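Tertiary structure, described
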Amino acid sequence: MVVYVDLIFLTNLCIDGALIGMTAWMRKTKLVWWRWLLSAIVGALYVVMMFVPEFDFMFTFLIKFGFSLVMLTIAFGFKGLQAFARTLGTFYVINFVAAGGILGVHYMLQSSGELFNGIWFTASGGMSFDLKIAFWFTFIVFFSVLFLFKAVQSSKRKTDRMTTYLGKVEVCIDEVVISCTGLLDTGNQLTDPLSRMPVMVMEVSLWQDMLPASWKGRLKDEAPDNLILELDQESFQWQDRLRLVPYRGINKGTAFMLAMKPDRVKVTMEETCYETTRVLIGLDGGVLSSDGKYQAVIHPELVQDAASAQSTALSAGATEKPLNVV
């Protein structure tokens, strides 16, 4: 049997480097390139030692665990026991995910005959598996599993970040209460130029049962001022609440958005409730979120004004909450 030690070294250098890099990404830590390289070299040298008979004693659990501690110390340094323990746990989780992915793909591609030919029973009744995985198969599947794992984690991080900006919205007009999930858009600066009220955009489908029947399906493509002119021919109980708010869309000229003046709006985010009457509800004829995570876009002033008012009251030694925070 011919063993190419240089090929084994380079392969494990890439694998150990990828594991250290993925650990840093999971822990949101920036690596120094020479520490990263040195840590991967230490890990690759450990694998090469298996071909030296004098180093057989090194392939025990404690020595293996000790080498992983050395690798992580070189790559990340020691910044406290708690931080190091979290890095160590992350490192082993990624190792187990990669190893499990390789074994899973290997057995998934085997036929039943190949699978059972690799199983044998010992005299004591134990069951063992004869595992033979090709070098290039291991190399390709390893990086494929890491790529898939990173994609899944990236998607989860994106979802978690969005969740922190999601809140419950309640809009009250007369006896009607519309509830939905809203997304706080910190870049939203849409306000009514006359009253300077902030505009919170909602999907018109939430208000479909309260709007005139002739408006159904038309708000998306038709100018809202034309719809308001039609109200002369039919009654609408909230006609005096309607507003036209000018806005400029991306790569578009100035247009108008149909808006309504509610009695009050309540926004709940992270167990804090903000309530205000100084707001307009803009009606959007489309779908704000393709995956349905939210149906409204919360104007930042609805939260910032209430938060600043609460902070001012607390700094002044007030014992009561401001009116727009409950």
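Residues numbered from 1 in each chain as written. Predicted model: local features only at pLDDT ≥ 70, side-chain atom pairs only at ≥ 80, totals over all residues. Heavy atoms only, no water.

Moving on to the nonpolar core. Taken as a class, soluble globular proteins show a tendency for nonpolar side chains to be buried jointly. By size, the foremost hydrophobic cluster in this structure holds 32 residues, and its most contacted members are Met 200, Met 202, Trp 207 and Leu 283. Those elements giving two or more residues to this core turn out to be strand E3 (166-173), strand E4 (176-184), strand E5 (199-203), strand E7 (254-260), strand E8 (264-269), strand E10 (280-284), strand E11 (296-298) and helix H8 (301-315). Discounting residues that sit within four places of it in the chain, Leu 283 has contacts with Met 202, Val 204, Trp 207, Leu 211, Leu 219, Met 257, Leu 258 and Met 260. Of all hydrophobic cores here, the second largest spans 27 residues; its members include Ile 15, Met 22, Ala 24 and Phe 76. (Core = buried A, V, L, I, M, F, W, Y, C linked by side-chain atoms within 4.5 Å. Buried < 20%, exposed > 50% of the residue type's maximum accessible area, 1.4 Å probe, protein only. Helix = DSSP H or I, 4+ residues; strand = E, 2+ residues; numbered from the N terminus. Contact = heavy atoms within 4.5 Å.)

Further remarks concern the packing of helix H3 (residues 61-76) against helix H4 (residues 81-109). Between H3 and H4, the least distance of the axes is 11 Å, while the angle of their chain directions is 115 degrees. For the pair H3 and H4, the sense of crossing is right-handed. Between H3 and H4, the contacting residues are Lys 64, Phe 65, Ser 68, Leu 69, Met 71, Leu 72, Thr 73 and Phe 76 on the first element and Phe 84, Thr 87, Leu 88, Phe 91 and Tyr 92 on the second. The class makeup of the residues in the contact of H3 with H4 is 9 nonpolar, 3 polar and 1 charged. (Axes fitted to C-alpha atoms, helices over the stretch in contact; angles between N-to-C directions. Left-handed = near helix turned anticlockwise from the far one by under 90°. Nonpolar A, V, L, I, M, F, W, Y, C, P; charged D, E, K, R; others polar.)

In this section: the pattern of salt bridges. Pairing of side chains with opposite charge becomes possible as their charged atoms draw close. Scanning all chains against the criterion turns up 5 salt bridges. For Lys 168, the salt bridge is made with Glu 170, and the minimal N-O distance between the two is 3.4 Å. Classification of Glu 170 as buried rests on a relative accessible area of 17%. By sharing partners, the salt bridges in this structure join Lys 168, Glu 170 and Lys 266 into a single network. (Salt bridge = Lys/Arg side-chain N within 4 Å of Asp/Glu carboxyl O.)

Right, let's get into the side chain of Thr 90. With respect to the element layout, Thr 90 can be found in helix H4. With relative accessibility at 16%, the residue Thr 90 sits in the buried group. In this structure Thr 90 touches Thr 23, Met 26 and Arg 27, once residues within four positions along its chain are discounted.

On to the sheet that holds E5, then. Here 9 strands make up an open sheet; going across it, the order is E6-E7-E10-E5-E11-E4-E3-E8-E9 and the pairing mixed. What marks the edges here is a single partner per strand, and that holds for strand E6 (242-248) and strand E9 (272-276). The sheet shows a mean angle of 35 degrees between the axes of neighbouring strands, taken without regard to direction. Strand direction decides the pairing type here: E5 and E11, joined by 2 bridges, are antiparallel. Note that in E11 the partner of Val 201 across the bridge is Val 297. (Pairing = 2+ DSSP bridges.)

With respect to the helices and strands, Tyr 274 occurs in strand E9. A relative accessible area of 11% means that Tyr 274 is categorised as buried. C-alpha of Tyr 274 to C-alpha of Val 303: the two residues are 29 residues apart in sequence and 6.5 Å apart in space.

It is worth spelling out the pairing of E5 at this point. A large share of E5 lies buried, amounting to 5 of its 5 residues. Of the two faces of E5, both are covered, the one formed by Val 199, Val 201 and Glu 203 as well as the one formed by Met 200 and Met 202. Note that E5 and E10 share 5 bridges and pair parallel. Residue pairing across strands places Glu 203 opposite Asp 284, the latter belonging to E10.

Let us look at the UniProt feature "transmembrane region" (unreviewed entry) in the chain. Residues annotated by UniProt as "transmembrane region" (unreviewed entry) correspond here to residues 6-25, 32-52, 58-78, 90-109 and 133-152. In the segment residues 6-25, helix accounts for 100% and strand for 0%; the C-alpha atoms at its two ends are 28 Å apart. Here residues 32-52 is 76% helix and 0% strand, with 31 Å between the C-alpha atoms at its ends. (UniProt positions renumbered as here; feature names shortened; annotations may be inferred.)

A few words on the side chain of Gln 153. Among the structural elements, Gln 153 can be located in helix H6 (residues 135-163). Taking the relative accessible area as the measure of exposure, Gln 153 reaches 18% and is therefore buried. Discounting chain neighbours no more than four positions away, the residues touching Gln 153 are Trp 25 and Met 26.

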